Amino acid sequence: MSKRIAILTSGGDAPGMNACIRAVIIACQKAGHELYGYLHGYNGLVNQEYISLSFDTTHNLIQQGGTILHSARCKTFETDDGAQKSAENLSKLAIDTLIVIGGDGSFRGLKHLSTFWSGQTIGIPGTIDNDINGTDATIGYYTAIDTAMSSIDKVRDTADAFERVFLVEVMGRHAGFLALNAALSSAADYVLLPELFEGCEQELDNIICQIKAQRALKGTVSFIVVVAENVWPGGLSALSTALNAKGIDDVRPVTLGHVQRGGSPVSEDRLLATHLGAYAVSLVGSENTNIMVGEVNKLPVVVPLDTCWQNKPLNSAQVDIIRSLMNARYD
Ligand code: F6P
């Protein structure tokens, strides 16, 4: 049966959000559903700011970074008044199903909204952080790994030329997925992750021990430490100062920052986005509500929304590799 669906993107944008919007538009059109796009994250819902979405919006959309619906973190929506107003706006537009592409904060918002609105709510995981429980990967994560990896490759060139120590900060909020994969794929020498952090003194000791061991083996060499954001108190400048104080000079900090959120999505993100967008629309009108769609072992899954922000562990096989190849001590 034909339904009225609304979609929005919320929180940190991620490459592949547009690919997902494209899949949702096409799946809706084929199923005979009407589709509206709320603009600027949940702000669009609070302010009833929306556009109609149809086939003519989809051309060349799969390869575009960012999100054509724009995104935001909306404080008003977090309040009961904001959620109530949003619920009224959805009812005024006679929306049956709301689809939100975003991260855990966006899903908490969606769950909050469902206490004021009885329509169907479906989340699609989109964040470069990959910190959403219940899905192997989130839209944007693979592209961000590639961007961080190629940036670190470039840092390696200059680090080699000067035989310097570089500290490279990678995003991920409070999770180490992006930093771990960026570090492994760029053959970094050490990685600092929130999940494995052993405390400043111990980590400092490990890093210095590694630098000295590598220098003893090969002469002065470049050394790259990938640092997950928020892991080192005081950030890269504090870590740099701490290394200087222990006799490691000429350390250079590089913060990759928002460059990791941009760019055309890689194939893994386009595919994940397309699978999840189409799958979400296939569930429209079903009993499933307050859910997130995800992928586990390449198969689509439905998980309750309120399990998505539970702790998601790092891949234990990768942790073993980090411990044996990268953060191993030579003394
Ligand atoms: O959640 C995505 C993310 O890019 C995090 O990795 C980062 O901590 C945060 O968003 C940055 O947020 P903002 O764009 O608001 O500075």
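Details of the structure are given in the entry above.
A few points on the structure. (Residues numbered from 1 in each chain as written. Predicted model: local features only at pLDDT ≥ 70, side-chain atom pairs only at ≥ 80, totals over all residues. Heavy atoms only, no water.)

## Quick word on the overall build of the protein chain
Across its full length, the protein chain holds eleven helices and eleven strands. On C-alpha atoms alone, the protein chain measures out to a radius of gyration of 22 Å, which is about the 20 Å that the 2.2 N^0.38 rule sets for 331 residues. Along the first, second and third principal axes, the C-alpha atoms of the protein chain reach 70 × 40 × 30 Å. In the protein chain, which comprises 331 residues, the proportion classed as buried is 54%. (Helix = DSSP H or I, 4+ residues; strand = E, 2+ residues; numbered from the N terminus. Rg over C-alpha atoms; globule rule 2.2 N^0.38 Å. Buried < 20%, exposed > 50% of the residue type's maximum accessible area, 1.4 Å probe, protein only.)

## Observations regarding the site of the ligand
As a structural note, the neighbourhood of the ligand is formed by R73, T127, I128, D129, M171, G172, R173, E229, H258 and R261. When the free accessible area of the ligand is taken as 400 Å², the share hidden by the protein chains comes to 75%. Using a 2 Å cut-off from the grid points, one finds that the ligand occupies the largest pocket. The residue makeup of the shell around the ligand, split by class, is two nonpolar, three polar and five charged. Shared between two domains, the shell around the ligand holds at least three residues of each, these being domain 1 (4–140 + 265–307) and domain 2 (143–261). (Near = heavy atom within 4 Å. Areas by Shrake-Rupley, 256 points an atom, 1.4 Å probe, with all protein chains shown as cover. 1 Å grid on protein atoms, 1.4 Å probe; cavity = no way out; pocket = protein on both sides within 12 Å on 5 of 7 lines; lining within 4 Å. Sits in = over half its atoms within 2 Å of the grid points. Nonpolar A, V, L, I, M, F, W, Y, C, P; charged D, E, K, R; others polar. Domains from an automatic or database assignment.)

## Remarks on the nonpolar core
Of all hydrophobic cores here, the largest spans 80 residues; its most connected members are I7, I99, I124, L192, V226 and L243. Tallying contributions element by element places helix α1 (residues 17–31) first for this core, with eight residues. Split by domain, this core shows at least three residues from each of two domains, domain 1 (4–140 + 265–307) and domain 2 (143–261). Among residues more than four places away in sequence, those in contact with I7 are I21, V24, L35, Y36, G37, Y38, L53, L69, I99 and I101. Counting 24 residues, the second largest nonpolar core, distinct from the first, contains L8, Y36, V303 and L305. (Core = buried A, V, L, I, M, F, W, Y, C linked by side-chain atoms within 4.5 Å. Contact = heavy atoms within 4.5 Å.)

## Concerning the packing of α1 against helix α10 (residues 267–282)
Viewed as axis vectors pointing N to C, α1 and α10 meet at an angle of 35 degrees, and their least axial separation amounts to 7 Å. As for how α1 packs across α10, the hand of that crossing is right-handed. Across the interface between the two elements, A19, C20, A23, V24, A27 and C28 from α1 touch R270, A273, T274, G277, A278 and V281 from α10. Residue composition of the contact of α1 with α10, by class: nine nonpolar, two polar and one charged. (Axes fitted to C-alpha atoms, helices over the stretch in contact; angles between N-to-C directions. Left-handed = near helix turned anticlockwise from the far one by under 90°.)

## Side note on the sheet that holds strand β6 (residues 165–170)
The strand order β7-β8-β6-β9 describes an open sheet built from four strands, whose pairing is parallel. Single-partner strands in this sheet number two, and they are β7 (190–192) and β9 (251–255). Taking the axes of each pair of neighbouring strands and ignoring which way they run, one obtains an average angle of 20 degrees across the sheet. When β7 meets strand β8 (residues 223–228), the two strands line up parallel, connected through three bridges. Each bridged residue has a counterpart across the sheet, and for L192 the counterpart in β8 is V227. Across the sheet, helix α7 (residues 177–185) is in contact with β6, β7 and β8; its angle to β8 comes to roughly 165 degrees. (Pairing = 2+ DSSP bridges.)

## Section: the state of the cysteines
Inspection of every chain in the model, using the stated rule, returns zero disulfides. Counting only cysteine sulfurs, C20 is the nearest neighbor of C28, a cysteine outside any disulfide, at a range of 11 Å. Judged by relative accessible area, C28 falls into the buried class, the value being 1%. No disulfide involves C209; its nearest neighbouring cysteine sulfur is the one of C200, lying 17 Å away. (Disulfide = S-S within 2.5 Å.)

## Considerations on the environment of I21
For I21, the location among the structural elements is in helix α1. Sequence separation between I21 and G37 is 16 residues; the distance between their C-alpha atoms is 9.0 Å. Aside from chain neighbours lying at most four places away, what touches I21 is I7, T9, L53, T67, I68, L69 and I101.

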